[in-house]
Amino acid sequence: MSYLVGSGLTSYGKHEGSSTLDLMSQASNLALKDAGLSRSDIDGVICGYSTTLPHLMLATLFCEHFGISPQYAHTVQMGGATGLGLVMLAKQLVASGAARRILVIGGENRMTGQSRDSAIQVLAQVGHPVYEVPLGATIPAYYGLLASSYMKAFGSTEQDFAALAVLMRQHASRHPGAQFQKPITEDDVLASRPIASPLKILDCCSVADGGCAVVVSAEPVGGNPLKITGAAQHHNAQHISAMKNLNDFGAGQCTQRALQSAGRKLSEVEYIAIYDSFTITLTMLLEEIGLAPRGQAGNWAREGRFSKDSATPLNLHGGLLSYGHCGVAGAMAHLAEAHLQMTGRAGERQARRSGISLLHADGGVLSSHVSLVLESV
Amino acid sequence: MNSNDWTQGGDHLHYQQCGTCANRWYFKRDFCPTCGQTSPNTHLASGLGKVCASTLVHRAPSDEFRAIAPYRIVMVDLADGIRVMGHAEVDVLMDDQVRCEVRTIAGRSLPYFVKDTHVS
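Remember, it's a predicted structure, so these values are computed and weren't measured experimentally.

Caption draft 1: Local environment of the pattern of salt bridges. According to the stated counting rule, one finds 25 salt bridges over all chains in the structure shown. Across the pair A:D117 and B:R66 runs a salt bridge, and its minimum N-O distance is 2.6 Å. Here A:D117 is found in helix 4 (residues 116-124), whereas its partner B:R66 is found in helix 1 (residues 63-66) on a different chain. On the accessibility criterion, B:R66 (35% relative accessible area) is partly exposed. As a salt-bridge pair, B:D91 and B:K115 come within 3.5 Å of each other at their nearest N and O atoms. One end of the pair, B:D91, is in the loop between strand 6 (83-88) and strand 7 (97-105); the other, B:K115, is in strand 8 (residues 108-115), with 24 residues separating them in the sequence.

Below, the structure written as structure tokens:
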């Protein structure tokens, strides 16, 4: 068995003057402290890429900066799915014996480390360099295309998408580290600045600075261990022009395999952490996974079925949409919140029951998927 | 005229087809991504098809595209059996029958879909 024994999460938003390595270091210090471990206890380091610090060997660069010399270290690139992919890898590394205490890190000054145009252009590169990117396509445009197809197939409306943005903001209002904490209404979302129809600015996650780290261990050390009981991946085509099916991206079968590897069923899940780069992303993932019927995710959010006191609370820190999105660490914030929830340390955000959690993230344009199952010890 | 052949089909789109397994695809390569056969055939596409996804882009990524924003990007299922992303007339809707032209947009040659009035 492998255990998640500590987590560290910075606030997301503007960290003027902090570099990728600074944010990775801050998060790592928080995670080590949370796990009750010191630098010398770490024998493995895996991290995600940073768009503001492109480097051939970011993990080794970080280790030098942070002052550790592990037996195992490298970087992983799976777009938005990287954070959960790193935890899946850490679970397997621990099981294989390659390392026993692994520091898993994401961090980036995505907001202040580059211009907004630069961030948009770098991220658009998940599209095809010949057949898609030269069209002036952007990540919101790719997801706008998917949203138009999804609305036609399943009857979701822009107002339904808005309900999910409202929910994430409501959750973020209880987290002092969230980039956006002021409550919003569905009308606010509908009236917000158009980006790539049907998506408005409040349907889109932010660009933030921030960092998040966790420690994965072969033993349940420290005061707050969780079991990592299930993990799975699924990979589609990289580009939406090459997707076989625009209405099934494999998130459902991916989570089913993760649950199966944990010996659990979807109906047993008590807390959910789902990637929400856009309201359409969250809609599609919730509905593919089976956490809401097709076309109903927005309605279910309105009815309180994903709220703090519901049977399946969702992203109680506010998600990418409102806690913020700083790249690899973006989805790791979902993980840090799940850790707090599952160890009863979420304060006023604390859900009633969260002994079994399901996490899911995607990278690219629903191109890569990773699911994790975490359970209380 | 467009200096930039899209992509080498000039004013038409290209697609490829495998002579062994009959698979068709859009992104050019020198083998069949389904069966691995190494001499695929390259064809000119009719460029006729139906809009299967559509977005009006307001937030452009660069100055060249800011100058023409908002612009419509669509995905079209071509009768040729491939799916293509391109620009389109702003008032093109989902399910519209469209026809591909190659036009100069934001200083570069790109596929551009117009409503096909011959079909409906």
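Caption draft 2: Spotlight on helix 5 (residues 139-154) of chain A. Residue and element names in this part refer to chain A. Over its 16 residues, helix 5 extends 22 Å from the first C-alpha to the last, a length consistent with the 22 Å expected when each residue adds 1.5 Å. In terms of residue burial, helix 5 counts as a mostly covered element, since 12 of its 16 residues are buried. What helix 5 keeps buried is the set I139, P140, A141, Y142, Y143, G144, L145, L146, A147, S148, S149 and Y150. In the stretch just after helix 5, G155 is the one whose phi turns positive, near 80 degrees.

Caption draft 3: Examining the interface of chain A and chain B more closely. With 31 residues of chain A at the contact, the number on the chain B side is 30 residues. The junction of chain A with chain B conceals about 2600 Å² of combined surface from both sides, 64% of it contributed by carbon and sulfur atoms. Area buried by chain A at its contact with chain B is led by A:Y131, A:L135 and A:L145, which between them contribute 29% of it. On the surface where chain A and chain B come into contact, there are 3 salt bridges. Linking chain A with chain B are 15 residue pairs in polar contact (both at pLDDT 80 or more).

Caption draft 4: A look at the sheet that holds strand 1 (residues 2-9) of chain A. Residue and element names in this part refer to chain A. What the 9 strands build is an open sheet, ordered 3-2-4-7-1-8-11-10-9; its pairing is mixed. Either end of the sheet is taken by a strand with one partner, and the two such strands are strand 3 (72-76) and strand 9 (271-274). Taking the axes of each pair of neighbouring strands and ignoring which way they run, one obtains an average angle of 25 degrees across the sheet. Set on the sheet, helix 2 (residues 58-66) makes contact with strand 2 (44-48), strand 3 and strand 4 (101-109); between it and strand 2 the angle comes to about 120 degrees.

Caption draft 5: Main features of helix 1 (residues 20-35) of chain A. All names here are of chain A. Here helix 1 contains 16 residues, and its C-alpha end-to-end distance of 22 Å stays within 8% of the 22 Å for a straight helix at 1.5 Å per residue. Within helix 1, burial applies to T20, L21, L23, M24, S25, A27, S28, A31, L32, D34 and A35. The inward-facing, buried residues of helix 1 abut strand 1, strand 2, helix 2, strand 4, strand 7 (209-217) and helix 12 (328-342). G36 sits one or two residues past helix 1 and shows a positive phi near 70 degrees.

Caption draft 6: Broad picture of the sheet that holds strand 2 (residues 24-25) of chain B. All names here are of chain B. As summarised here, the arrangement of the 3 strands in space is 2-1-3, forming an open sheet in which the pairing is antiparallel. Only two strands of the sheet have a single neighbouring strand rather than two, namely strand 2 and strand 3 (41-44). When strand 1 (residues 14-17) meets strand 2, the two strands line up antiparallel, connected through 2 bridges. Residue pairing for strand 2: Q17 is matched across the bridge by R24.

Caption draft 7: Geometry of unusual backbone geometry. A cis amide bond links A:S197 to the next residue, A:P198, at an omega of 5 degrees. Looking at the element boundaries, A:P198 is found in the loop between strand 5 (194-196) and strand 6 (199-200). Residue B:P70 is bonded to the preceding B:A69 through a cis peptide linkage, with omega at -5 degrees. Structurally, B:P70 can be placed in the loop between helix 1 and strand 5 (71-78). Positioned with a positive phi, A:N315 is a non-glycine residue whose angle comes to about 40 degrees. Here A:N315 is to be found in the loop between helix 10 (297-302) and helix 11 (319-323).

Caption draft 8: Expanded view of the side chain of A:S192. Residue and element names in this part refer to chain A. Checked against the element boundaries, S192 lands in the loop between helix 7 (186-191) and strand 5. Look at S192 and you get buried, because its relative accessible area is 12%. For S192, the side chain forms a polar contact with the main-chain oxygen of V189, separated by 2.7 Å. If sequence neighbours within four positions are ignored, S192 has contacts with K200, I201 and L202.

Caption draft 9: Local environment of the layout of surface pockets. By volume, the second largest pocket amounts to about 410 Å³. Surrounding the second largest pocket, 19 residues form its lining, A:S241, A:A242, A:K244, B:R24 and B:W25 being those nearest its centre. Taken together, the residues that form the lining of the second largest pocket break down as 8 nonpolar, 6 polar and 5 charged.

Caption draft 10: Inspection of the pairing of strand 10 (residues 356-363) of chain A at higher detail. All names here are of chain A. For strand 10, the tally of buried residues reaches 8 of 8 residues, placing the bulk of the element in the interior. Burial along strand 10 is two-sided: I356, L358, H360 and D362 facing one way and S357, L359, A361 and G363 facing the other are all buried. When strand 9 meets strand 10, the two strands line up parallel, connected through 4 bridges. Paired with A273 across the strands is L359, a residue of strand 10. Pairing of strand 10 with strand 11 (residues 368-376) involves 8 bridges; the strand directions are antiparallel. From the neighbouring strand, L358 faces strand 11, where its bridge partner is V373.

Caption draft 11: Region of interest: the nonpolar core. All names here are of chain A. Judged by nonpolar contacts, the single largest core of 134 residues is most densely connected at V104 and L286. Per-element accounting of this core gives the leading share, 9 residues, to helix 12. Beyond its immediate sequence surroundings of up to four residues, L286 is in contact with L164, I272, I274, L291, A292, A297, F306 and L314. Grouped together as the second largest cluster of nonpolar side chains are 23 residues, L32, A35, L37 and V221 included.

Conventions adopted
- Residues numbered from 1 in each chain as written.
- Chains lettered and ligands numbered in written order.
- Predicted model: local features only at pLDDT ≥ 70, side-chain atom pairs only at ≥ 80, totals over all residues.
- Heavy atoms only, no water.
- Salt bridge = Lys/Arg side-chain N within 4 Å of Asp/Glu carboxyl O.
- Helix = DSSP H or I, 4+ residues; strand = E, 2+ residues; numbered from the N terminus.
- Buried < 20%, exposed > 50% of the residue type's maximum accessible area, 1.4 Å probe, protein only.
- Expected span 1.5 Å × (residues − 1).
- Contact = heavy atoms within 4.5 Å.
- Buried area = accessible area lost by both parts, 1.4 Å probe.
- Polar contact = N/O pair within 3.5 Å; in protein donor to acceptor, adjacent residues only side chain to side chain.
- Pairing = 2+ DSSP bridges.
- Axes fitted to C-alpha atoms, helices over the stretch in contact; angles between N-to-C directions.
- 1 Å grid on protein atoms, 1.4 Å probe; cavity = no way out; pocket = protein on both sides within 12 Å on 5 of 7 lines; lining within 4 Å.
- Points joined across faces, edges and corners; volume = space filled by probe spheres on them.
- Nonpolar A, V, L, I, M, F, W, Y, C, P; charged D, E, K, R; others polar.
- Core = buried A, V, L, I, M, F, W, Y, C linked by side-chain atoms within 4.5 Å.

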